[in-house]
Amino acid sequence: MKSDYDILVIGGGPGGALAAWTAARSGCTVCLIEKRPAIGVPVRCAEGVGKELLREYMDPDPRWISADIRRARIVAPDGTAVELDERKAGAEVGYVLDRKIFDRELVWKASEAGADVFVKTRAVAPIIEEGVVKGATVEFCGERKDIRAKVTIAADGVESKFARWCGIDTTVPLREMMSCIQYLVTDIDIDPHSNDFYLGSDVAPEGYLWVFAKGERSANIGIGIPASKNRPEMRAKHYLNRFMKEHYPDGKIIECIFGGDPVCRPLPCTVSDGLMIIGDAARVVDPITGGGIGNAMYTGRLAAEIAARAISAGDTSKEALMPYDTEWRTSKMGKTLERNYKVKEFFITLNDEKLNDLARSIEGINFSDITVMGLLTEIIKRNPKMLIELKGLTNALK
Amino acid sequence: MLNIHREICGYCGACVSVCPEGALELIDAWLSVDESLCIACGICTKACPLGALEVTDEE
Ligand SMILES: Cc1cc2nc3c(=O)[nH]c(=O)nc-3n(C[C@H](O)[C@H](O)[C@H](O)COP(=O)(O)OP(=O)(O)OC[C@H]3O[C@@H](n4cnc5c(N)ncnc54)[C@H](O)[C@@H]3O)c2cc1C
Ligand code: SF4
Ligand code: SF4
């Protein structure tokens, strides 16, 4: 481990991997550290990702694809199911990955491109000189060492402490932290080409429960509800267990994971002097679906490109790194985050009856060539009762 | 004070990001609480999908 790099990346998830990979390819010296003993485990994800989105970064490989998904089904509280084909179903429909292999592959690519990678190495404090972030003190098997860098990229995911140690408030409001639990279940009857989302106050209040196919007879079955909805006697795990009992009583649970998924707005600013924040640490998770793999990769790649440019110009001040913040906010990703935040805030106001109404109004619509605004207009036309509910949303999206 | 039921904790980090004081951190396979920062507000106890955290009156 050297003690000086152009770029230090903290966290070996998809965001950190893309940052390290991109930076190494652009000729920077890069160090990626990951506090866990292995990349990609434990998985804290339902593993759904859009096909096109993924292809932007690398060619799909059967080694890390568990299922090829062709449709999504949204199941309303009364059982009304709305089926969407993969083109309109959003970024979590396409493939269900095997992230244990996928994350490892991404870090592998970074290392092949020249990045130094250290696992079981945890950032414990930033190095800050005259207000400028200059790297991090890291701990490896009990030993501490300083790694200095011209730019430090915080890719430390949902639990993100690094930016906070640098003086940036990364706290997620309780109601916007999705409290999640998921089982990998085998030996069950499922549609191996569908990702299903269940809604309703009995199933997942203000959240959703997912059944993502993982093969012919296996699925990731999980739930996310706002942390503020957890009650001592009825937490996320209780909702999931109840669903399992009703729907898959004989399924065999071979893995169990827990996690937090932030569905708040992104951080107000994702750069400071010598520091860039990406992925879940920057809170760029889709507020509706909780999906963040694609956005982590996008922000990771963009941050590294801008960092490399700043380094070669000899200026890594906040101002010089600011194009990263501006660019992702004005990108398709940034605009989608803003729009979907408003849609999410609207959806959580709908009770079961309204969700049922909405699902029934949508049944039969051809989604393959309809925009969000077009869809809202169509719903109002089919179900004028929804006008009042949807008017606020339509105005917000204009 | 904050009690962590380590036999229940799933090492997921949901509680870490909601703590307004930054008192929690995942270190190796443990959730650790910095008692000098914790104000026993109980916010983290609500975020846990498993019920692994509890605020008690003990000092
Ligand atoms: C239950 C659940 C289901 C989900 N399902 C989906 C889905 O289907 N599709 C989707 O797109 N997204 C999903 N997500 C979200 C997705 O997992 C994240 O958005 C994505 O992993 C973010 O990538 P990242 O690189 O920003 O962070 P992470 O993948 O979280 O990586 C951060 C890494 O940083 C490391 N780290 C943290 N602190 C330090 C430190 N101090 N020093 C060194 N290393 C550190 C961590 O160990 C971790 O490996 C889900 C999340 C949850 C919780
Ligand atoms: S009780 Fe409050 S201050 Fe203490 S760790 Fe939990 S959220 Fe943080
Ligand atoms: S939210 Fe619960 S399971 Fe997750 S780290 Fe905190 S105490 Fe452990």
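Under an unreviewed UniProt entry, chain B has the name Ferredoxin and belongs to Methanofollis fontis.

Naming follows an unreviewed UniProt entry, where chain A appears as Digeranylgeranylglycerophospholipid reductase of Methanofollis fontis. UniProt, in the comment section headed Pathway (unreviewed entry), describes chain A in these words: "Membrane lipid metabolism; glycerophospholipid metabolism." According to its UniProt record, chain A has this under Sequence similarities (unreviewed entry): "Belongs to the geranylgeranyl reductase family. DGGGPL reductase subfamily."

Caption draft 1: Just the pattern of salt bridges, in detail. Residues and elements named next belong to chain A. Considering all chains together, one arrives at 33 salt bridges over all chains under this definition. The partner of Arg 99 in a salt bridge is Asp 103, with the nearest N and O atoms 2.9 Å apart. With Arg 99 and Asp 103 both in helix α3 (residues 99-112), this residue pair falls 4 residues apart, about one helical turn. Residue classification places Arg 99 among the buried residues on the basis of a relative accessible area of 12%.

Caption draft 2: Spatial organisation of the site of ligand 1. Residues and elements named next belong to chain A. In the vicinity of ligand 1, 37 residues are found, and the nearest of them are Gly 15, Glu 34, Ala 46, Gly 48 and Asp 280. A distance of 2.6 Å separates an oxygen atom of ligand 1 from a polar atom in the side chain of Glu 34. Calculation on ligand 1 without its partners gives an accessible area of 1000 Å², and the protein chains cover 94% of this total. Of all the elements in the fold, those that place two or more residues in the shell around ligand 1 are α1 (14-25), β2 (30-34), β9 (121-129), β14 (204-213), β16 (252-262) and α6 (293-313). Grouping the constituent residues of the shell around ligand 1 by class yields 12 nonpolar, 13 polar and 12 charged. When residues of the shell around ligand 1 are assigned to domains, at least three fall in each of domain 1 (4-41 + 100-171 + 264-330) and domain 2 (55-97 + 173-262).

Caption draft 3: A look at the interface of chain B and chain A. Of the residues lining the interface, 26 residues belong to chain B; the matching set on chain A comes to 26 residues. With both sides pooled, the region where chain B packs onto chain A buries about 2100 Å², and carbon together with sulfur makes up 54% of that total. If you sort the residues of chain B by the area they bury against chain A, Ser17(B), Pro49(B) and Leu50(B) come out on top, with a joint share of 26%. Where chain B packs against chain A, one counts 1 salt bridge. For Arg122(A), the salt bridge goes to Glu25(B), with nearest N and O atoms at 2.7 Å. Scanning the region where chain B abuts chain A turns up 15 residue pairs in polar contact (both at pLDDT 80 or more). Taken together, the residues of the side of chain B that touches chain A sort by class into 16 nonpolar, 6 polar and 4 charged.

Caption draft 4: Representation of the packing of α1(A) against α3(A) in the model. Residues and elements named next belong to chain A. Contact geometry of α1 with α3 gives a least axis separation of 7 Å together with a crossing angle of 20°. With respect to their mutual orientation, α1 and α3 come out roughly parallel. Considering the relative orientation of α1 and α3, their crossing is left-handed. Between α1 and α3, the residues in contact are Pro 14, Ala 17, Leu 18, Ala 20, Trp 21 and Ala 24 and Arg 99, Asp 103, Leu 106, Val 107, Lys 109 and Ala 110, respectively. Looking at the contact of α1 with α3 residue by residue, the class counts come to 9 nonpolar, no polar and 3 charged.

Caption draft 5: Focus on the packing of α6(A) against helix α7 (residues 318-330) of chain A. Residue and element names in this part refer to chain A. The contact between α6 and α7 brings their axes to 8 Å, and the two run at 155°. On the basis of their axis angle, the class for α6 and α7 is roughly antiparallel. The hand of the α6/α7 crossing is right-handed. Across from Tyr 298, Thr 299, Leu 302, Ala 303, Ile 306, Ala 307 and Ala 310 in α6, the residues of α7 making contact are Ala 320, Leu 321, Pro 323, Tyr 324, Glu 327 and Trp 328. For the contact of α6 with α7, the residue count by class is 11 nonpolar, 1 polar and 1 charged.

Cut-offs and rules
- Residues numbered from 1 in each chain as written.
- Chains lettered and ligands numbered in written order.
- Predicted model: local features only at pLDDT ≥ 70, side-chain atom pairs only at ≥ 80, totals over all residues.
- Heavy atoms only, no water.
- UniProt positions renumbered as here; feature names shortened; annotations may be inferred.
- Salt bridge = Lys/Arg side-chain N within 4 Å of Asp/Glu carboxyl O.
- Helix = DSSP H or I, 4+ residues; strand = E, 2+ residues; numbered from the N terminus.
- Buried < 20%, exposed > 50% of the residue type's maximum accessible area, 1.4 Å probe, protein only.
- Near = heavy atom within 4 Å.
- Polar contact = N/O pair within 3.5 Å; in protein donor to acceptor, adjacent residues only side chain to side chain.
- Areas by Shrake-Rupley, 256 points an atom, 1.4 Å probe, with all protein chains shown as cover.
- Nonpolar A, V, L, I, M, F, W, Y, C, P; charged D, E, K, R; others polar.
- Domains from an automatic or database assignment.
- Contact = heavy atoms within 4.5 Å.
- Buried area = accessible area lost by both parts, 1.4 Å probe.
- Axes fitted to C-alpha atoms, helices over the stretch in contact; angles between N-to-C directions.
- Parallel < 35°, antiparallel > 145°, perpendicular 65-115°, else oblique.
- Left-handed = near helix turned anticlockwise from the far one by under 90°.

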